[in-house]
Amino acid sequence: MKAYKTLQGFVIEYQNQYFLSRHQDWDLFINREDLFYELQREIQLLSPVPEYKSLIDNSLQAPIQSQEVWASGVTYMRSRDARMEESKKAGGDNFYDRVYDAERPELFFKSTPHRVVGSGQKVRIRKDSKWNVPEPELTLFINSKGQISGYTCGNDMSSRDIEGENPLYLPQAKSYDKSTAIGPCITILDEPIISETQIKLEIIRYDLPYFTDFIAINRMKRKHTELVEFLFRETSFPHGCFLMTGTGIVPPDDFTLEVGDEIRITIEGIGTLVNTVETK
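No experiment lies behind these values; they were computed from the predicted model shown. (Residues numbered from 1 in each chain as written. Predicted model: local features only at pLDDT ≥ 70, side-chain atom pairs only at ≥ 80, totals over all residues. Heavy atoms only, no water.)

Draft legend 1. Inspection of the overall build of the protein chain at higher detail. The number of helices and strands found in the protein chain is eight helices and 17 strands. Over its C-alpha atoms the protein chain spans a radius of gyration of 18 Å, differing by no more than 12% from the 19 Å that the globule rule assigns to 280 residues. Viewed in the frame of its principal axes, the protein chain has a C-alpha envelope of about 60 × 45 × 30 Å. In the protein chain, buried positions account for 55% of the 280 residues. (Helix = DSSP H or I, 4+ residues; strand = E, 2+ residues; numbered from the N terminus. Rg over C-alpha atoms; globule rule 2.2 N^0.38 Å. Buried < 20%, exposed > 50% of the residue type's maximum accessible area, 1.4 Å probe, protein only.)

Draft legend 2. Geometry of the nonpolar core. L138, I142, I199, L231, L243, L257 and I263 are the most contacted members of the largest nonpolar core, which totals 46 residues. Ignoring any residue separated from it by four or fewer positions in sequence, one finds I142 in contact with Q147, I148, S149, V228, L231, F232, G240, C241 and L243. Counting residues in hydrophobic clusters, the runner-up holds 27 residues, among them A3, W26, I30 and L170. (Core = buried A, V, L, I, M, F, W, Y, C linked by side-chain atoms within 4.5 Å. Contact = heavy atoms within 4.5 Å.)

Draft legend 3. Main features of the environment of D34. Mapped onto the elements, D34 comes out in the loop between α1 (26-30) and α2 (35-43). On the basis of relative accessible area, D34 is assigned to the partly exposed category, the value being 44%. With 208 residues separating them in the primary sequence, D34 and F242 have C-alpha atoms 17 Å apart.

Draft legend 4. Summary view of unusual backbone geometry. The amide bond that connects G183 to the next residue, P184, takes the cis arrangement and shows omega of 5°. Considering the arrangement of structural elements, one finds P184 in strand β12 (residues 180-187).

Draft legend 5. A look at the pattern of salt bridges. Overall, the coordinates contain 18 salt bridges when judged by the stated rule. One salt bridge in this structure joins D156 and K110, with 2.5 Å as the shortest N-O distance. Here D156, found in strand β10 (residues 148-156), pairs with K110, found in strand β5 (residues 106-111); they are 46 residues apart in sequence, far enough to count as distant. Taking the relative accessible area as the measure of exposure, K110 reaches 1% and is therefore buried. Ionic pairing is found between E229 and R233, a salt bridge with its closest N-O pair at 3.0 Å. A residue is classified by how much of its surface remains accessible, and R233, at 41% relative accessible area, is partly exposed. (Salt bridge = Lys/Arg side-chain N within 4 Å of Asp/Glu carboxyl O.)

Draft legend 6. Representation of the pairing of strand β13 (residues 198-205) in the model. Of all eight residues in β13, six are buried, a share of seventy percent or more. Sheet topology places β13 next to strand β14 (residues 208-216); eight bridges connect them, and they run antiparallel. Bridging from a neighbouring strand, K200 pairs with F214 of β14. Where β13 folds back onto β14 in an antiparallel hairpin, the turn is made up of two residues, including Y206, whose phi is positive at roughly 55°. Note: β13 against strand β16 (residues 262-267), six bridges, orientation antiparallel. Of the residues in β16, the one forming a bridge with I204 is E262. (Pairing = 2+ DSSP bridges.)

Draft legend 7. Looking closely at the sheet that holds strand β7 (residues 122-125). In spatial order, the strands read β7-β17-β16-β13-β14; together these five strands make up an open sheet with mixed pairing. Only two strands of the sheet have a single partner each, and these edge strands are β7 and β14. With strand direction ignored, the average angle separating the axes of adjacent strands in the sheet is 25°. The sheet contact formed by β16 and strand β17 (residues 271-279) spans six bridges and is antiparallel. What sits directly across from I267, in β17, is G271. (Axes fitted to C-alpha atoms, helices over the stretch in contact; angles between N-to-C directions.)

Draft legend 8. Region of interest: helix α8 (residues 224-231). Within α8, burial applies to H224, L227, V228, F230 and L231. All buried residues of α8 lie within an arc of 165° about the axis, which places them on one face of the element. Where the residues of α8 are buried, they touch β4 (68-73), β5, β9 (136-142), β10 and β15 (241-244). (Arc of directions from axis to C-beta.)

All quantities given are derived from atomic positions and should not be read as evidence of function.
Laid out in structure tokens, this is it:
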């Protein structure tokens, strides 16, 4: 089951049928316990209309309203290696090696809602950075009770040169306007997402494939429930929150995003998040 936020309302897709929810507040709509079963009960009172699919095609928004976006770092071996290499000159490589094996995961604040874009919208690269990459990540939606209610695609845009210069510059490398993309929908399941699920990154430049790679989420070192438990230890989220779970796809060191690049992040069972790069 999938939930889309559009300008005309909230579209529920289930078994190739499309329903328009009667809810008008996204926070209340998605922040319900046992969301899969709540949506099942809701669509029993609604009539499917094929034309509702056009709302998704023509007026899609990021599936967020008041939620914060947080992120996890160094959850894949490839990410650990990349972080160690980029921060070696600053003497920060040991930090990333240690956090990969530590009991406590790396969790950091990524974005407020107004800095988030959805599928079909533009992401940004910083003007004061020369080395920028997308980070494709399975992103959890967690309700205010700490339940993992759904999954979406996430792009944790990152300025690797700024982060590599000094680990303390992480907020500047990660958190800025249009540095976060999620979508196209939230996929709601009645059981955890299967561990063999693939994440695929494609970067299109001048209408041609420029970089492609993929990884399965079972390559993650940490469990989703483990990340959520640490995030909710001393922090409350009255409307729920999103948590990016880290990336296992890192383009080569000689790659950097350019204005006009199209970034496509596809996760099996969820869909494709598409964004074009701009600069301010």
